[in-house]
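Structure at a glance
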Amino acid sequence: MAPAGQSNVIRPRVISSLRWWIASLLFASTVINYIDRQTLSVLAPYLKLEHHWSNSDYANIVIAFRVAYSLGMALCGRFVDRVGTRRGLTFTVVWYSVVSMLTSLATGFRSFAGFRFLLGAGESANWPAATKAVSEWFPRRERGLATAFFDSGSSVGGAIAPFIVLWIYFRWGWRPAFMIPGVLGFIWLMAWRRFYYPPETHPRIGEDELSMIMADRESDLPAANRKRPRWAELLKLPQTWGTIIARTFTDPVWFFVTDWFPIYLVAKGIELRSGLIAVWIPFVAADAGNFFSGWISGYLVRRGWSLGAARKALVIFGGIGVTLLIPTIFTTNLYWLAFLFGLATFAYAAFSTMANVLPSDLYHSDSVASVSGMGGAGAGIGTIVAFKLIGYFSDARQAAATHSFDPIVITAGLVPFVGMILVLLLVRNTKATDAGLVRRI
Amino acid sequence: MALKVFNDKSAASKAAAGQAANAIRRALRDRGQARIIAATAASQLLFLDTLTREPGIDWKRVEVFHLDEYIGLPITHPGSFRKMLLEQLVEKTGITKYHLLDGDGDAVEVVRRVGKDLASAPIDIAFLGIGENGHLAFNDPPADFEIEDPYLIVTLDEACRMQQVGEAWFADLSQVPTQAISMSVRQILKAKEILAVVPDTRKAQAIKACFEGEISPMAPASILRTHPNATVYLDTNSAALLSPAVLASA
């Protein structure tokens, strides 16, 4: 028997590679985040009838989410910086889990749009918070992989959401389908509160791991004494416009898949319960596309390609690949649809990864966030405009039954292609490159 | 849309009545009332009869709308759909809130008035049949998939009118009215749940055209494939011409 009072001296057991356990928690929060947000789009074909919504009404509900989400992305980073990662993620998960559960009390269009707005506001904080956790826990060389890992939670969450949500829906109805996924967040929260502390105060971190993490932090020094370019100056550069276009012309296609795909499949005459294979394939394909694109462009650079050429090779691959959406208008076969959407989203993800990496390729670190933010704003506006058009055209062409979405998928297939051409024209080395305003690619 | 195939008409009708009763009970439990659409035709009689015997349904809180009716046929005629609806459903259950389509009066006025009541709130479940020519309600091919009006006045095609003679409601073709009031396709698709009972060999050709061919106004019931919550109850006779691939998914 140990003498009383001695047990609190014993240190908890050290966990090796603790940082990857932390990354797993971030991955899990991202999975839950996506399950909560996909509940609506998976149930959309049923909720539309239940509540007498047109596709334009549905568009407005998903736009409410996008608006809050885009604003939240801009604002939440600062919030998380103030309160720290532990409290920041606690706050965001509690927020969106509670909102998801409250959505089960919605009574119609207004309450759905209101809850959707609140969900978007809460969910947006997941990415800044998880990115911050990665920067606290991972040495530079591992951050890319750690980020890709937690971010792939969005694909996994999107892929499993239809199975969970439809299963609940057909047993107990739509209200529990919002309630039960909300509970997942609180289960996650118990694990988070128990296991997450910053590395310097974590009771279970080993000496080696801590010293490796801390050593890398000291090398994170601020940039040299160069004057930070103003927005107006950045907007004069063709590279900036190329970067904005790269996001603006690709993001809406992805959000068409996440928010409209179940409605689109039902319009194609596909029974959603037997069509689950098609609902998760685009998510998995996009995830594969992200890793593929990052890996191939790195490989090409190692083979001696210039950074610009390597990035543009993937942009071309993506821009051409997304046009595979167009032949889907000729088929109502579930397997062909899943196959073509899978290839197209794989290509989309390859393009999108390049769109996300271009700011850090082209700009000095004091401008990366600004240009990235402009791209995000462009993507937000592009998505909202696209959703308005999707709602309008799919309502107007309802009578065309399986062909009601034809103009929409044709446009979705061509927009990234046009984006590709513009990126190739605009993103190049110019006089500004020679003057040192932007980096050579 | 889901297809279900049963060994005979009786099994299909019973299973459909079970699902219909569940939907009505669910609506009564969740909202305190149920709004339903009922079809009246030879193929629906067994289904409706079974449904009226289902326990645990407070029919006083069920509001029923009429799918279609001939223009110019008195309610006393054996082929009158109002007569069938009253006898087969309303009187057996004691439903008090029912909206009959009075095809013997001012049809334009009936279409306007009942249409307004119908569109005022969502419909929980619609019971349908499918015609020998693939029609839904009296939307004969080529059906209007676009019109948003809840009810419309339609001219019946000859195949449709021949079917009514075949079912022995009328002595010969000349006695079958040429016009009817029909619920529109878009209005039918607005029901939260759709349940079609389609037994018998004489429907096999239409079933094949609607569920294997293109979704098109030429096969009006094919549009049911775009509804997320529709179930079509077939027997082995009406399913006889379906390909194995389509049957495998049933």
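Heads up: these notes are all about the structure in this document. Being a predicted model, the structure only gives us computed values, none of them experimental. (Residues numbered from 1 in each chain as written. Chains lettered and ligands numbered in written order. Predicted model: local features only at pLDDT ≥ 70, side-chain atom pairs only at ≥ 80, totals over all residues. Heavy atoms only, no water.)

Let's talk about the environment of Asn 133 of chain B
Residues and elements named next belong to chain B. Note the threshold: Here a strand is any run of E in DSSP of at least two residues, a helix any run of H or I of at least four, and the numbering for each starts at the N terminus. For each residue, the accessible area found with a 1.4 Å probe, counting protein chains only, is set against the maximum for its type, and the residue is called buried under 20%, exposed over 50%, and partly exposed in between. We call two residues in contact whenever any of their non-hydrogen atoms come within 4.5 Å of each other. Polar contacts here mean pairs of N or O atoms no more than 3.5 Å apart (in protein, one a potential hydrogen donor and the other a potential acceptor; neighbouring residues in sequence count only if both atoms are side-chain atoms).
Structurally, the position occupied by Asn 133 is in the loop between strand S6 (125-128) and strand S7 (151-155). Looking at Asn 133, the relative accessible area reads 15%, which means it is buried. It is 9.2 Å that separates the C-alpha atoms of Asn 133 and Ala 209, two residues lying 76 residues apart in sequence. In contact with Asn 133, not counting residues within four places along its chain, are Asp 140, Pro 141, Asp 157, Ala 159, Cys 160 and Pro 220. Here His 135 takes part through its backbone nitrogen, which lies 3.0 Å from a polar atom of the side chain of Asn 133.

A look at the nonpolar core
Here is the rule: Side-chain atoms within 4.5 Å are what join buried Ala, Val, Leu, Ile, Met, Phe, Trp, Tyr and Cys residues into a set we call a nonpolar core.
Leu 43, Phe 112, Phe 256, Trp 260, Tyr 264, Leu 265 and Phe 405 of chain A are the most contacted members of the largest nonpolar core, which has 93 residues in total. If one sorts the elements of this core by residue count, helix H1 (residues 18-50) of chain A sits on top with 13 residues. With sequence-adjacent residues up to four places away left out, Phe 112 of chain A is seen in contact with Leu 40, Leu 47, His 51, Trp 53, Ile 61, Thr 103, Ala 106, Trp 174 and Phe 178 of chain A. Counting residues in hydrophobic clusters, the runner-up holds 46 residues, among them Leu 3, Leu 67, Leu 136 and Phe 145 of chain B.

Section: empty space enclosed by the protein
We apply this condition: Put simply, the grid is 1 Å and covers the protein atoms alone, a cavity is a trapped set of points that fit a 1.4 Å probe, a pocket is an open set with protein on both sides within 12 Å along at least five of seven lines, and lining residues have an atom within 4 Å of a point. Grid points are joined across faces, edges and corners, and a volume is the space filled by probe spheres set on the points. Each residue gets one of three labels, nonpolar for Ala, Val, Leu, Ile, Met, Phe, Trp, Tyr, Cys and Pro, charged for Asp, Glu, Lys and Arg, and polar for the others, Gly among them.
In the structure shown here, the tally under the stated rule is two cavities of 30 Å³ or more. In this structure, the largest cavity is lined by 19 residues; those nearest its centre are Thr 40, Ala 41, Gly 129, His 135 and Ala 137 of chain B. When grouped by side-chain class, the residues that make up the lining of the largest cavity number eight nonpolar, eight polar and three charged. A volume near 50 Å³ is recorded for the second largest cavity. Along its surface, the second largest cavity is lined by Asp 36, Leu 40, Ser 100, Thr 103, Phe 112, Phe 115, Arg 116, Leu 119 and Phe 178 of chain A. Elements represented by at least two residues in the lining of the second largest cavity include exactly H1, helix H3 (85-103) and helix H4 (109-123) of chain A. Here the lining of the second largest cavity takes four residues from H4 of chain A, the largest share from any one element. Among the residues forming the lining of the second largest cavity, the class breakdown is five nonpolar, two polar and two charged.

Examining the sheet that holds S7 of chain B
All names here are of chain B. Keep this limit in mind: Whether two strands pair comes down to DSSP finding at least two bridges between them. Every angle, taken between N-to-C directions, lies between 0 and 180 degrees, and every axis is a line fitted to C-alpha atoms, over only the stretch in contact when it is a helix.
The three strands lie next to each other as S4-S8-S7, forming an open sheet whose pairing is antiparallel. Strands with a single pairing partner mark the edges of an open sheet, and in this sheet they are strand S4 (68-70) and S7. Sheet twist, expressed as the average angle between the axes of neighbouring strands with direction ignored, equals 20°. Packing against the sheet, helix H4 (residues 107-119) makes contact with S7 and strand S8 (179-183), and its axis sits at approximately 140° to S7.

Some points on the sheet that holds S6 of chain B
Residue and element names in this part refer to chain B. Spatial ordering of the open sheet is given by S1-S10-S9-S6-S2-S3-S5, a layout of seven strands whose pairing is parallel. Both edges of this open sheet fall to strand S1 (2-6) and strand S5 (97-99), since each of them pairs with a single strand only. Direction aside, neighbouring strands of the sheet carry axes that sit 15° apart on average. Pairing geometry for strand S3 (residues 62-66) and S5, over three bridges, is parallel. Of the residues in S5, the one forming a bridge with Val 64 is Tyr 98. On top of the sheet, helix H1 (residues 9-31) reaches S1, strand S2 (34-38), S3, S6, strand S9 (193-198) and strand S10 (230-235); it is set at about 160° to S9, its chief contact.

In short, geometric facts, not functional conclusions.
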